[in-house]
Amino acid sequence: MRLDWAPPSDAADIHVPEQPEPTEPPPESPVAARHSRRWRINAIFALAAVVGVLAVLAVWVHRQVLDTNNWTNTSSQLLADPKIQAAVGDLLVSELFNSVDVAAEIK
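Counting starts from 1 at the beginning of each chain's written sequence and moves along it residue by residue. Reporting of local features is limited, given that this is a predicted model, to residues whose pLDDT is at least 70; pairs of side-chain atoms are given and counted only at 80 or more, and all residues count toward the totals for whole chains, interfaces and linings. Only hydrogens and water are set aside when side-chain values are computed; all heavy atoms of the structure are taken into account.

Q: Describe the overall build of the protein chain, naming the residues involved and giving the relevant values.
A: Along the protein chain, the regular secondary structure elements total four helices and zero strands. The linear arrangement of helices and strands in the protein chain, starting from the amino end, is α-α-α-α. With the model as given, the accessible surface of the protein chain reaches about 10,600 Å², and the carbon-plus-sulfur share is 65%. Starting at the N terminus, helices and strands are each numbered in turn, a helix being any DSSP run of H or I of at least four residues and a strand any DSSP run of E of at least two. Residue-level accessible areas treat just the shown protein chains as cover; the underlying method is Shrake-Rupley with a 1.4 Å probe.

This is how it looks when you write it as structure tokens:
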């Protein structure tokens, strides 16, 4: 039995190609993929809700605040209504009587 064995000299000339490192990350587990997808859906839904509220507010501001003709036409029509005139008159008289002692002012 020979104990001083060494590989043959021609074995050093054999070229073994190296394995390239994978460039893609390992695939996600199904649970992690579901969690990530759920988070993205919730974020998109929240963003859509915020954009929707801002869009409604922008339309209201454009129609009511920035459009002077619309404001004057609407308020003129409302003030011409006899029911609204009576309601505004009742409110003004009751507020006047609540804030000022009318009986003392008359005497």
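Resuming the write-up.
Q: Describe a positive patch on the surface, with residues and values.
A: Positive charge collects at one region of the surface, where Arg34, Arg37, Arg38 and Arg40 lie side by side. Judged by its relative accessible area of 46%, Arg40 is partly exposed. To count toward a patch, a residue needs a relative accessible area above 30% and no salt bridge. Like charges then connect within 9 Å, nonpolar side chains (Val, Leu, Ile, Met, Phe, Trp, Tyr) within 5 Å. In the sections that follow, a salt bridge refers to a side-chain nitrogen of Lys or Arg positioned within 4 Å of a carboxyl oxygen of Asp or Glu. Asp and Glu count as negative and Lys and Arg as positive, but His and the ends of the chain are not part of the count. Where a charge sits is defined by one atom per residue type, namely NZ (Lys), CZ (Arg), CG (Asp) or CD (Glu). A 1.4 Å probe rolled over the protein chains alone gives each residue an accessible area, and that area as a share of the maximum for its type sets the label: buried under 20%, exposed over 50%, partly exposed in between.

Q: Help me get a handle on a nonpolar patch on the surface, residues and values and all.
A: Taken together, the side chains of Val50, Leu54, Leu57, Trp60, Val65 and Leu66 make up a nonpolar region of the molecular surface, amounting to roughly 630 Å² of accessible area. For Leu57, the location among the structural elements is in helix 1 (residues 30-65). Under the relative-accessibility criterion, Leu57 is labelled partly exposed at 47%.

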